[in-house]
Amino acid sequence: MLSLSKQADYALLALAYLARVEEGRLVNAREIALKFDLPAELLAKILQRLARADLLVSTPGPTGGYRLARSARSISVGAIVVAVDGPPALVPCLRSDHNDCEQSRHCTIQRPLARLNQRIFQMLERVSLAEISADDPEENRIALSEACEYRPLAPTT
């Protein structure tokens, strides 16, 4: 079944937390790790990856920490997942780094699965960090239902 990696889950928790703190406040990895009972070292590595992807700004030093690089409305869940895990792939043959499927010469479902994979990624791109970090559960429900609305894709060649 399709699921987010543990690292992507931690990234979403951390960024949702940062989206809720007062603007301009720096938050260190330890604070976030304590808040959600996450492994601090792993979270620090994830936050560094998010900073390299220009989703966070990292300020070094004893009073340093992290803050969002831009508004939560302009950061998509898709961008977060890609920064942590790379592009999502329903099946291994859709991963650019792992294309040694024994069935590739005879496969009749790779292209349809690629289109489905593209739709899932587009859905992730349509949901913003602001929407998943909203305090109002109804706002979250509406945002997710809108992201899941069917929108036909142009055929791929």
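Residues numbered from 1 in each chain as written. Predicted model: local features only at pLDDT ≥ 70, side-chain atom pairs only at ≥ 80, totals over all residues. Heavy atoms only, no water.

1. Structural notes on the pattern of salt bridges
Right, on to step 1. All chains considered together, the criterion is met by two salt bridges.
Right, on to step 2. Between Glu22 and Arg25 there is a salt bridge, and its shortest N-O distance comes to 3.9 Å.
Right, on to step 3. Across the pair Glu31 and Arg25 runs a salt bridge, and its minimum N-O distance is 2.8 Å.
Right, on to step 4. What emerges from the salt-bridge pattern is a single network uniting Glu22, Arg25 and Glu31. (Salt bridge = Lys/Arg side-chain N within 4 Å of Asp/Glu carboxyl O.)

2. Overview of the environment of Arg70
Right, on to step 1. Looking at the element boundaries, Arg70 is found in the loop between strand S2 (65-68) and helix H4 (77-85).
Right, on to step 2. Counting along the chain gives 51 residues from Arg70 to Ala19, while the straight-line C-alpha distance between them is 9.8 Å.
Right, on to step 3. Among residues more than four places away in sequence, those in contact with Arg70 are Asp54, Leu55 and Ile75.
Right, on to step 4. Looking at Arg70, its side chain comes within polar contact range of the main-chain oxygen of Ser74, at 3.3 Å. (Helix = DSSP H or I, 4+ residues; strand = E, 2+ residues; numbered from the N terminus. Contact = heavy atoms within 4.5 Å. Polar contact = N/O pair within 3.5 Å; in protein donor to acceptor, adjacent residues only side chain to side chain.)

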